[in-house]
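# Summary of the model geometry
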Amino acid sequence: MITPVLLCGGSGTRLWPLSRKSFPKQFAQLVGDESLFQASARRFLGKGFGNPLVVTNDSFRFIVTEQLDEAGVEASGIVIEPDGRNTAPAAILAALKVQQDTPGGMLLLVPSDHAVANSAAFRKAVMAGAASAEEGNIVTFGIKATRPETGFGWLQSGAQTHEGVMKLERFIEKPNAERAVELLADPKYLWNAGVFLARADVLIDAFRTHAPDILAGVEAAMAGAVSDLDFTRLDETAWAGVPEESIDYAVMEKATNVSVVSFDEQWSDLGSWEAVWQESTKDKNGNARSENTTVFDCENTLLRSESSEIELVGIGLKNVVAVAMRDAVMVADLSESQNVKKAVETLKKRGAKQAVQLPVDHRPWGWFETLILSDRFQVKRIHVHPGAALSLQSHVHRSEHWIVVAGTARVTVDEEVKLLSENQSVYIPLGAIHRMENPGKVPMVLIEVQTGTYLGEDDIVRYEDVYART
């Protein structure tokens, strides 16, 4: 049985403004009608695969559980990294967890933000590498190259060792354009998918040999781990001492027992808006567009409006990507979309909140978005899932007025508890201990008007919380 390990702690910015630190691309619907994370979890619902182990961070833990529930996938465990340390610590963490639960068990390390068109073919490729992995090899997966890609690392495959499995000769750094053309011409060179299959004990031994400092640090963090609801939290102090490194550099480029399986089906890491355009359905002129967009005399463009309130119109555009959010718009030449990350760094230096935060803020009970923010008042739309409840809390600097616009709310204000239906409202005085709950079976939506001298999200004193937040 192979345990898929879904790595979803990253906060990539190359698909800004849709992907941001608060809600990165793996949780977004970029292609198809489910998120990349959900598609990754469902990809391994087949014979020979167990329930996935998820490695994520604290900010995404409830997004993970919500999206797994929507996808009908049950995780074997969810481990919370105190902060991202690149892929090597996450990989050995997963290996130690699998070895702890199933000694000698096999794990498949998979980024959760890749798009694979044919899941059955990918599972078949994984099973093709299982025999080599059982014998003590680490199996990686290379994608048959279709263009001279400079945004990926490459792999050089060698002689066949098992049916469908070849010896890995070497890893190749991201090439320049001239070298990428040379690599494309030779079928022994493949794109590096960053996917690895191995027995847990084999991977642990590889780290013991090539990256003992990372292994020791992660073991210490696991030794101090604690359970928190359905999550496992690593020891923060021990984790802070773990070196930050990719699994390629830490182990794979040094190990001699690495094999490679070639995957010849459609695959993309969706690492740029150009990659999203390549994977999207297009019209006869090469235009890919979402709802709420209109094109006139455009060629090879990607137009996305992520708000029903914004109509995005393209006129006479060629090789352009334009993405409109409620709080930000990005327009770029498709060939320059790899540089979006640089633009985000510039926004961060300016202190622009759009660099990291989406207008919609996800919480374990649902989500909220700010509609108006001024010096002494703020208006929010709050969506509470059926059966969910916010914490019992109070505020030091603000009062609130709630108006229910959909569903039913159970409201606590100090000692009083009452039900509010649509078009009813309640006032929460400054300092009052209060809570809102959704006792119904449909979402509850209310409008919240805050007034006060300080309106930050950290002005919360929690007394009770079903989600164990502090």
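Values in this document were obtained by computation on a predicted structure and should not be read as measured data.

Take the layout of surface pockets next. The computed volume of the second largest pocket comes to approximately 830 Å³. Phe23, Glu306, Leu358, Val360 and His362 are the residues nearest the centre of the second largest pocket, which is lined by 28 residues in total. Among the secondary structure elements, those contributing two or more residues to the lining of the second largest pocket are helix 2 (61-71), strand 20 (360-363) and strand 21 (366-373). In terms of residue class, the lining of the second largest pocket is made up of 11 nonpolar, nine polar and eight charged.

For sheets, the rule is that strands pair by backbone hydrogen bonds, running either parallel or antiparallel. An order of 14-16-18-19 is seen for the four strands of this open sheet, with the pairing classed as mixed. For this open sheet the edge positions go to strand 14 (288-289) and strand 19 (329-333), each flanked by a neighbour on one side alone.

With antiparallel pairing, the six strands of this open sheet are ordered in space as 20-21-22-29-24-27. Bordering the open sheet on either side are strand 20 and strand 27 (425-428), each of which pairs with just one other strand. Neighbouring strand axes in the sheet, compared pairwise and without regard to direction, differ in orientation by 20° on average. Bridge count between strand 22 (residues 377-384) and strand 29 (residues 444-452): eight bridges; the pairing is antiparallel. In the sheet register, Val379 faces strand 29, and the bridge partner there is Val449.

The next thing to look at is empty space enclosed by the protein. Taken as a whole and assessed by the stated rule, the structure comprises two cavities of 30 Å³ or more. Volume-wise, the largest cavity comes out at about 220 Å³. For the lining of the largest cavity, the elements supplying multiple residues, two or more each, are strand 22, strand 24 (398-406), strand 28 (434-437) and strand 29. Classifying every residue of the lining of the second largest cavity gives six nonpolar, one polar and one charged.

The next point concerns a nonpolar patch on the surface. A cluster of nonpolar side chains, contributed by Val396, Ile433, Val461 and Tyr463, occupies part of the molecular surface with about 320 Å² of accessible area. Take Val396: it is sitting in the loop between strand 23 (392-394) and strand 24.

Turning our attention to the pattern of salt bridges. Pairing is possible between side chains of opposite charge, provided their charged atoms come close. One pass over the structure, following the stated rule, counts 23 salt bridges. A salt bridge links Arg363 to Glu457; its shortest N-O distance comes to 3.8 Å. Residue Arg363 is found in strand 20, and its partner Glu457 is found in the loop between strand 29 and strand 30 (461-464); the two are separated by 94 residues along the sequence. Note that Glu400 is salt-bridged to Arg398, the shortest N-O span being 3.0 Å. Taken as a pair, Glu400 and Arg398 share a single burial class, namely buried. Salt bridges linked by common partners bring Asp58, Arg61, Asp228 and Arg233 together as one network.

Taken as a whole and judged by the stated rule, the model has 13 aromatic pairs. Seen in terms of ring centroids, Trp154 and Trp191 are 6.4 Å apart; in terms of plane orientation they differ by 85°. Their pairing is edge-to-face. A residue pair is termed long-range when its members are at least 10 positions apart, and Trp154 in strand 7 (residues 154-162) and Trp191 in strand 9 (residues 189-199) qualify at 37 residues. Following the ring pairs from residue to residue traces out a cluster consisting of Phe44, Phe49, Phe122, Phe141 and Phe263. One Lys or Arg, Lys380, reaches over the ring of Phe368 and ends 4.0 Å from the middle of that ring.

Time to look at the packing of helix 6 (residues 200-210) against helix 7 (residues 212-223). The geometry of helix 6 relative to helix 7 is characterised by a closest axis approach of 5 Å and an angle of 120° between their N-to-C directions. On the basis of their axis angle, the class for helix 6 and helix 7 is oblique. Contact residues: helix 6 offers Ile204, Phe207, Arg208, Thr209 and His210, while helix 7 offers Pro212, Ile214 and Leu215. The residue makeup of the contact of helix 6 with helix 7, split by class, is five nonpolar, two polar and one charged.

Looking now at the domain arrangement of the protein chain. As far as domains go, the protein chain holds domain 1 (2-268), domain 2 (273-349) and domain 3 (360-464). Computed over C-alpha atoms, the centres of domain 2 and domain 3 are 35 Å apart.

What counts, and where the lines are drawn
Residues numbered from 1 in each chain as written. Predicted model: local features only at pLDDT ≥ 70, side-chain atom pairs only at ≥ 80, totals over all residues. Heavy atoms only, no water. 1 Å grid on protein atoms, 1.4 Å probe; cavity = no way out; pocket = protein on both sides within 12 Å on 5 of 7 lines; lining within 4 Å. Points joined across faces, edges and corners; volume = space filled by probe spheres on them. Helix = DSSP H or I, 4+ residues; strand = E, 2+ residues; numbered from the N terminus. Nonpolar A, V, L, I, M, F, W, Y, C, P; charged D, E, K, R; others polar. Pairing = 2+ DSSP bridges. Axes fitted to C-alpha atoms, helices over the stretch in contact; angles between N-to-C directions. Patch = residues over 30% accessible without salt bridge, like charges linked within 9 Å, V, L, I, M, F, W, Y side chains within 5 Å. Areas by Shrake-Rupley, 256 points an atom, 1.4 Å probe, with all protein chains shown as cover. Salt bridge = Lys/Arg side-chain N within 4 Å of Asp/Glu carboxyl O. Buried < 20%, exposed > 50% of the residue type's maximum accessible area, 1.4 Å probe, protein only. Phe/Tyr/Trp six-rings, centres within 6.5 Å; stacked < 30°, edge-to-face > 60°. Lys NZ or Arg CZ within 6 Å of the ring centre and 35° of its normal. Parallel < 35°, antiparallel > 145°, perpendicular 65-115°, else oblique. Contact = heavy atoms within 4.5 Å. Domains from an automatic or database assignment.

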